[in-house]
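Structural features, examined
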Amino acid sequence: MFDFFIKNPISIDEIIEFLASALGCASNKILATTFEKLNDPNFPDNDLNEICCLCVYSKIDGNASWLVNLYRISATDDEIRDKIIAVSQLKHIACYIPNDDFNGYLLTGESESPIQVYEDEDIEEENTYVFNQLISNS
């Protein structure tokens with residue numbers, strides 16, 4: 001599983017096209033859905049056999065619009081991260097990409113090069129994510 005955030009509102013079709021570019025597979029091989037639909041007993045399991053990526057998306061509040069969870073990808077987390085960063089920078093689609101184990105993210109797609117930011121752990125509102133740029137004292 002690989003999670004990242006898309007900063008600005010875009011359509012589900014745009015998310016699929018973004019992932020198709022990043023993962024190098026056809027957009028019809030990416031299944032984008034919500035957790036609610038995926039957990040529905042009537043969800044067609046056979047759809048999962050034909051895809052290269054399962055994308056589960058959630059609308060969120062704060063500095064980002066979408067939380068994107070990726071499953072069933074035949075690549076390492078590092079490979080996925082690098083591909084998403086490259087396409088984010090190329091297409092100027094701002095994303096928060098995890099880059100360390102301490103709530104560190106790269107804000108990509110907004111400037112010439114990615115910017116290190118951190119998730120604000122003090123936010124207690126459910127489904128709300130706020131990212132801050134670390135200000136150094138040097």
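Our structure is the block above this text.
Below you will find a few notes about this structure. Quick caveat: nothing in here was measured; it's all calculated off a predicted structure. Within every chain, residues take consecutive numbers counted from 1 along the sequence as written. Predicted model: local features are reported for residues with pLDDT of at least 70 only, side-chain atom pairs are reported and counted for 80 or more only, and whole-chain, interface and lining totals are derived from all residues. Note that water and hydrogens are dropped before the side-chain values are worked out from all heavy atoms of the structure.

Topic: the overall build of the chain
The helix count covers DSSP runs of H or I at least four residues long, the strand count covers runs of E at least two residues long, and both are numbered beginning at the N terminus. Counting its secondary structure elements, the chain contains three helices and ten strands. The order of helices and strands in the chain, counted from the N terminus, is β-α-β-α-β-β-β-α-β-β-β-β-β. For every residue, the accessible area obtained with a 1.4 Å probe (protein chains only) is divided by the maximum for its type, and the residue is called buried under 20%, exposed over 50%, and partly exposed between those limits. Within the span of the chain, comprising 138 residues, buried residues form 41% of the whole. Surface summary for the chain: the accessible area is close to 8100 Å², and the carbon and sulfur share equals 46%. In these tables, accessible area is a Shrake-Rupley quantity obtained with a 1.4 Å probe, and a residue counts as shielded only by the protein chains included in the view.

Overview of the packing of helix H1 (residues 12-23) against helix H3 (residues 77-91)
A packed helix pair is summarised by two numbers, namely the angle formed by the two axes and the spacing between the axes. Their axes nearest at 8 Å, the elements H1 and H3 cross at an angle of 120°. The angle between H1 and H3 places the two elements in the oblique class. Crossing hand, H1 versus H3: right-handed. Seen from H1, the contacting residues are Phe-18, Ser-21 and Ala-22; seen from H3, they are Lys-83, Ile-84, Val-87, Ser-88 and Lys-91. For the contact of H1 with H3, the residue count by class is four nonpolar, two polar and two charged. Lines are fitted to the C-alpha atoms to define the axes, a helix being fitted only along its stretch in contact, and any angle between axes, read from their N-to-C directions, falls within 0 to 180 degrees. If an angle is under 35 degrees, it is roughly parallel; if it is over 145, roughly antiparallel; if it lies from 65 to 115, roughly perpendicular; otherwise it is oblique. For any helix crossing, the convention is left-handed if the near helix is rotated counterclockwise from the far helix by under a right angle, and right-handed if that rotation is clockwise. In what follows, a contact means two residues having at least one pair of non-hydrogen atoms within 4.5 Å. Under the grouping applied here, Gly and all other residues not named as nonpolar or charged are polar, the nonpolar ones being Ala, Val, Leu, Ile, Met, Phe, Trp, Tyr, Cys and Pro and the charged ones Asp, Glu, Lys and Arg.

Thoughts on the pairing of strand S2 (residues 30-33)
Successive residues of a regular strand alternate their side chains across the two faces of the sheet. Residues Ile-30 and Ala-32 line one face of S2 and the alternating positions Leu-31 and Thr-33 line the opposite face, and both faces are buried. When DSSP finds two or more bridges between two strands, those strands count as paired. Here S2 pairs with strand S3 (residues 53-59) via four bridges, running parallel. Considered in S3, the bridge of Ile-30 is made with Cys-53.

With respect to the state of the cysteines
For the purposes of this analysis, a disulfide is any pair of cysteine sulfur atoms at a distance within 2.5 Å. Under the criterion given, the structure shown has one disulfide. Covalent S-S linkage joins Cys-25 and Cys-52, the inter-sulfur distance amounting to 2.3 Å. With Cys-25 in the loop between H1 and S2 and Cys-52 in the loop between helix H2 (35-38) and S3, the pair connects residues that are 27 residues apart, well separated along the chain. Given the relative accessible area of 26%, Cys-52 is considered partly exposed. For the unlinked cysteine Cys-53, the closest cysteine sulfur is that of Cys-52, found at 6.0 Å. Left without a disulfide partner, Cys-55 is nearest to the cysteine sulfur of Cys-53, which lies 6.1 Å away.

Some points on unusual backbone geometry
Of note, His-92 is a non-glycine position whose phi angle comes to about 55°, a positive value. Following the sequence through the fold, His-92 ends up in the loop between H3 and strand S6 (95-98). Given the relative accessible area of 62%, His-92 is considered exposed.

Section: the packing of aromatic side chains
Geometrically, a pair of aromatic rings is defined through the distance of the ring centres and the angle of the planes. Between 30 and 60 degrees the pair is tilted, below 30 it is stacked and above 60 it is edge-to-face, where a pair is any two Phe, Tyr or Trp rings, Trp via its six-membered ring, whose centres lie within 6.5 Å. Tallying each qualifying case throughout the model produces eight aromatic pairs. Here Phe-5 and Tyr-129 contribute two aromatic rings whose centre-to-centre distance is 4.7 Å and whose plane-to-plane angle is 50°, an arrangement assigned as tilted. Taken as a pair, Phe-5 in strand S1 (residues 2-6) and Tyr-129 in strand S9 (residues 128-129) lie far apart in primary sequence, 124 residues in all. The same class applies to Phe-5 and to Tyr-129, which are both buried. With a centroid separation of 5.2 Å and 65° between ring planes, the pair formed by Phe-5 and Phe-131 is classed as edge-to-face. Here Phe-131 lies in strand S10 (residues 131-133) and Phe-5 lies in strand S1, a separation of 126 residues in the sequence.

Just geometry here; none of it tells us what the structure is for.
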